[in-house]
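Geometric and topological summary
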Amino acid sequence: MSLNKSKNLPLRLGVGIVLLNHENNIFVGKRIDNPKNSWQMPQGGVDQNENFLQAAERELEEETGIKSVKLIKELDGWFKYDLPKYLLGKLWKGKYRGQKQKWFVMKFLGKPDEINVKTKNPEFFDWKWIELSKLPNVAVHFKVNIYKKIKEQLTSLSLN
């Protein structure tokens, strides 16, 4: 796909979830389709007739099996990224050039055995909890700026 064509493509509407455990560490998963040393937080698209919070809860359950959560906060503003050239036309049936996302901070209230990334349509093959300070360092290169903005907003929250 030419770069000029890609500029005309819209951004996909999406959501992301910053899932915190009782120590305020953040859940990240290693993607099946990108097994290098990149990790990401659960995220996904918004279905028709679904609000952002419903989409976030659905995506979290679809990707991790997790249902036991408490909403802490919706992060301020939109988080946007463009796909790198090599992924244009490959993801989302080539309909989008990137994503425009709403992000939610949630607290995990369940037991460890609730977490299961071997879901019906798995996206992750591994997962772990990481400290907030490490968040931008684990992201795939085209999402680093989003993860930095998320880290900044979380740092200004008192997460007790």
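1. Observations regarding the overall build of the protein chain
A count of helical and extended segments in the protein chain gives 4 helices and 7 strands. When the helices and strands of the protein chain are listed from N to C terminus, the series reads α-β-β-β-α-β-β-β-β-α-α. Looking at the 160 residues of the protein chain, the share that counts as buried comes to 46%. Sequence separation of 24 or more characterises 74% of the internal contacts of the protein chain that already satisfy a separation of 6 or more. For the protein chain, the distance from the average site of its 28 positive side-chain charges to the average site of its 18 negative ones is 8 Å.

2. Considerations on the pairing of strand β1 (residues 11-20)
By the criterion of burial, β1 is predominantly enclosed, with 8 of the 10 residues buried. In this structure, β1 lies alongside strand β3 (residues 43-45), joined through 3 bridges in antiparallel fashion. Within the sheet, the bridge partner assigned to glycine 16 lies in β3 and is glutamine 43.

3. What about the nonpolar core?
Among the nonpolar cores identified, the biggest contains 26 residues, and Val18, Ile26, Met41, Trp103, Leu135, Tyr147 and Ile150 are the most heavily contacted of them. No other element matches the 5 residues that helix α4 (residues 144-156) contributes to this core. Among the nonpolar cores identified, the runner-up in size contains 14 residues, and Leu19, Phe108, Ile115 and Val117 belong to it.

4. Some thoughts on helix α2 (residues 52-64)
Each full turn of the α-helix corresponds to 3.6 residues, which orients residues three or four apart in the same direction. End to end, α2 covers 18 Å across 13 residues, agreeing with the expected 18 Å (1.5 Å per residue, within 8%). Among the residues making up α2, those that are buried are Ala55, Ala56, Arg58, Glu59, Leu60, Glu63 and Thr64. Where α2 is buried, its residues touch β1, β2 (26-31), β3, β4 (69-74), β6 (98-108) and β7 (124-130). Its side-chain oxygen placed 3.1 Å from the backbone nitrogen of leucine 53, asparagine 51 serves as the N-cap of α2.

Basis of the calculations
Residues numbered from 1 in each chain as written. Predicted model: local features only at pLDDT ≥ 70, side-chain atom pairs only at ≥ 80, totals over all residues. Heavy atoms only, no water. Helix = DSSP H or I, 4+ residues; strand = E, 2+ residues; numbered from the N terminus. Buried < 20%, exposed > 50% of the residue type's maximum accessible area, 1.4 Å probe, protein only. Contact = heavy atoms within 4.5 Å. Lys, Arg positive; Asp, Glu negative; His and termini not counted. Charge placed at Lys NZ, Arg CZ, Asp CG, Glu CD. Pairing = 2+ DSSP bridges. Core = buried A, V, L, I, M, F, W, Y, C linked by side-chain atoms within 4.5 Å. Expected span 1.5 Å × (residues − 1). Polar contact = N/O pair within 3.5 Å; in protein donor to acceptor, adjacent residues only side chain to side chain.

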